[in-house]
Amino acid sequence: MFKRFFGEHGAKNVVTLFHKPSSTASTRVLTLLKQTNAQAVSHATEDQASSHQTQSKLERVEFDLDVTEAPPTADQLKSILEYLGGPGAASKVIRGANNEADAMRVLKADGEKFERPVVVDWNQGKAVVGDSESEILSLLRSIPKETNKA
């Protein structure tokens, strides 16, 4: 059982979706993540693997999906901003924020100003804001295979 959840080099990647059910974009991202995760844990037949090259690449990308409707904690927000990098990171995830300190203040005052969807891979230190399927799939494909061995 222990090996099921932990790879050779530590914990299985945890991918968190900061989700807002009333948002069409957020719902699309949730569906994409669930489908990708399902493909990763299912065993493809030889026909499926040979006829769906993109799918076969993603099948090896196993991760624990954590979906939350709550805004991030202050520590999580700090990490997300660090992962996104750059001076404009704060305004991408917190409406009206100009910098990290401002983002922290705004989040504390009103968690609803946190923009969703945001997908975060905590193990790799990467985040994607919005519903760009190509960016999200790129993030998932970059999960190191070593952490996925069962």
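Predicted model only: the values in this text are computed from it and were never measured. (Residues numbered from 1 in each chain as written. Predicted model: local features only at pLDDT ≥ 70, side-chain atom pairs only at ≥ 80, totals over all residues. Heavy atoms only, no water.)

Chemist: Would you take a moment to explain the pattern of salt bridges for this structure?
Modeler: Throughout the structure, instances matching the rule amount to 3 salt bridges. Linking Asp-131 and Arg-28 is a salt bridge whose minimum nitrogen-to-oxygen distance equals 2.2 Å. In this pair, Asp-131 is assigned in the loop between strand E6 (126-129) and helix H8 (133-141) and Arg-28 in helix H2 (residues 24-41), connecting sequence segments 103 residues apart. By relative accessible area, Arg-28 is classed as partly exposed at 48%. (Salt bridge = Lys/Arg side-chain N within 4 Å of Asp/Glu carboxyl O. Helix = DSSP H or I, 4+ residues; strand = E, 2+ residues; numbered from the N terminus. Buried < 20%, exposed > 50% of the residue type's maximum accessible area, 1.4 Å probe, protein only.)

Chemist: How should the packing of aromatic side chains be read in this particular structure?
Modeler: In this description, a pair of aromatic rings is defined by centroid distance and the angle of the planes. The full count for this structure, using the stated rule, is 3 aromatic pairs. A ring pair is formed by Phe-18 and Phe-114, whose centres lie 5.4 Å apart and whose planes are at 75°; its orientation type is edge-to-face. Of this pair, Phe-18 sits in strand E3 (residues 14-18) while Phe-114 sits in the loop between helix H7 (100-109) and strand E5 (118-121), and the two are 96 residues apart along the sequence. With a relative accessible area of 2%, Phe-114 lands in the buried category. Note on Phe-18: relative accessible area 1%, which makes it buried. Put simply, the rings of Phe-18, Tyr-83, Phe-114 and Trp-122 touch in pairs and so form one group of aromatic residues. (Phe/Tyr/Trp six-rings, centres within 6.5 Å; stacked < 30°, edge-to-face > 60°.)

Chemist: Any chance you could explain the pairing of E3 here in plain terms?
Modeler: Taking burial as the measure, the 5 residues of E3 include 4 buried ones, the bulk of the element. Direction of pairing for E3 relative to strand E4 (residues 64-68): parallel, over a ladder of 5 bridges. Within the sheet, the bridge partner assigned to Val-14 lies in E4 and is Asp-64. Relative to E5, E3 runs antiparallel, the two being bridged by 4 bridges. (Pairing = 2+ DSSP bridges.)

Chemist: I'm lost on the nonpolar core in this one. Help?
Modeler: Nonpolar side chains tend to gather and get buried jointly when the protein is soluble and globular. Judged by nonpolar contacts, the single largest core of 17 residues is most densely connected at Leu-77, Ile-80, Val-93, Ile-94 and Phe-114. Of all elements in the fold, only helix H5 (74-84), helix H6 (89-93), H7 and E5 reach the threshold of two or more residues within this core. If you tally residues by element for this core, the top one is H7, at 4 residues. Here Phe-114 is in contact with Phe-18, Pro-71, Pro-72, Leu-77, Ile-80, Val-93, Ile-94 and Leu-107, once residues within four sequence places are set aside. (Core = buried A, V, L, I, M, F, W, Y, C linked by side-chain atoms within 4.5 Å. Contact = heavy atoms within 4.5 Å.)

Chemist: I tried to follow the side chain of Asn-13 on my own but got confused; where do I start?
Modeler: With respect to the element layout, Asn-13 can be found in the loop between strand E2 (10-11) and E3. Exposure remark for Asn-13: the relative accessible area of 1% places this residue in the buried category.

Chemist: Is there a simple way to explain the sheet that holds E4 in this structure?
Modeler: Sheet strands pair by backbone hydrogen bonding; their relative direction is either parallel or antiparallel. With mixed pairing, 4 strands are arranged side by side in an open sheet as E4-E3-E5-E6. With partners counted over all chains shown, the strands left at the sheet margins are E4 and E6, one partner each. Across the sheet, the mean angle separating the axes of adjacent strands is 15° when strand polarity is ignored. Packed on one face of the sheet, H8 meets E3, E5 and E6 and runs near 165° to E6. (Axes fitted to C-alpha atoms, helices over the stretch in contact; angles between N-to-C directions.)

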